[in-house]
Each structure stands twice: as structure tokens, then as C-alpha cells.
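# Examining the three-dimensional arrangement
The chain contents come next:
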Amino acid sequence: MEQAKPKSSMTDFRRQNTRIDYYPTANAIAVIERLRKCNPTFCTRELLDVLIVKGGKVFFPDSVAGTNS
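### Considering the packing of aromatic side chains
- Counted by the stated rule, this structure contains one aromatic pair.
- Relative to Phe-60, the ring of Phe-59 lies with its centre 6.3 Å away and its plane at 45°, an arrangement referred to as tilted.

### Side note on the confidence of the model for the protein chain
- Of the residues in the protein chain, 81% have a pLDDT of 70 or more, and the chain-wide mean is 86.
- Within the protein chain, the lowest mean pLDDT, 87, falls on helix α1 (residues 9-16), and the highest, 96, falls on helix α2 (residues 26-38).

### Some thoughts on a nonpolar patch on the surface
- Residues Val-58, Phe-59 and Phe-60 make up a contiguous nonpolar surface patch of roughly 390 Å² in combined accessible area.
- By the secondary structure assignment, Phe-59 is in helix α3 (residues 44-59).

### Things to note about the pattern of salt bridges
- One pass over the full model with this rule turns up four salt bridges.
- A salt bridge links Arg-36 to Glu-33; the shortest N-O distance between them is 3.4 Å. Of the two residues, Arg-36 and Glu-33 both sit in helix α2, three residues apart, roughly one turn of that helix.
- Take Arg-36: its relative accessible area is 26%, and that puts it in the partly exposed class.
- Classification of Glu-33 by relative accessible area gives partly exposed; the value is 36%.
- Taking the shortest distance from any N to any O, the salt bridge between Arg-45 and Asp-49 comes out at 2.4 Å. Residue Arg-45 and its partner Asp-49 are both found in helix α3; the two are separated by four residues, about one turn of the helix.

### Describing the packing of α2 against α3
- Following both chains from N to C, one finds α2 and α3 inclined at 110°, their axes separated by 10 Å at the closest point. With respect to α3, the axis of α2 lies roughly perpendicular. Contacts from Val-31, Ile-32, Leu-35 and Arg-36 in α2 reach Thr-44, Leu-47, Leu-48, Val-50 and Leu-51 in α3.

Calculation notes
Residues numbered from 1 in each chain as written. Predicted model: local features only at pLDDT ≥ 70, side-chain atom pairs only at ≥ 80, totals over all residues. Heavy atoms only, no water. Phe/Tyr/Trp six-rings, centres within 6.5 Å; stacked < 30°, edge-to-face > 60°. pLDDT = per-residue confidence, 0-100. Helix = DSSP H or I, 4+ residues; strand = E, 2+ residues; numbered from the N terminus. Patch = residues over 30% accessible without salt bridge, like charges linked within 9 Å, V, L, I, M, F, W, Y side chains within 5 Å. Areas by Shrake-Rupley, 256 points an atom, 1.4 Å probe, with all protein chains shown as cover. Salt bridge = Lys/Arg side-chain N within 4 Å of Asp/Glu carboxyl O. Buried < 20%, exposed > 50% of the residue type's maximum accessible area, 1.4 Å probe, protein only. Axes fitted to C-alpha atoms, helices over the stretch in contact; angles between N-to-C directions. Parallel < 35°, antiparallel > 145°, perpendicular 65-115°, else oblique. Contact = heavy atoms within 4.5 Å.

The following block contains the structure:
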């Protein structure tokens, strides 16, 4: 009899979150690198999250839920 494999949290995460392949333009790279200098401990995903959330607040101030920073 085969044993069922335990579900991993990564499998659950990937099932619930769409993967986005992203290739930034030269202007976007410049912004990311500038932000990286201000936040050297942040990974690239964290830097992109900061930019997207801050941009979302500017473009959609009434509809960005769950953003406190």
C-alpha cells in the first residue's frame, strides 16, 4: 500500500499564489537598485513588494486592502 505524501507548505503556497515571471526594464532596474541600497537586507521579492504596494497606494488609495506601511 502506498503512503500519501505529506503536503508541503510550499505546494500550498504555489497553489494559492500566481507565479509572475518578470523582466524589468532599464528604468525599473535603476529604481530597484536604488531601493536595494536603502534596504540592503531585503531580497528582490521584498523590494518588488515594497514598490508595488507603495505604487498601489498612489494609484488606488481606496482599494488597497491590508497595507499599513
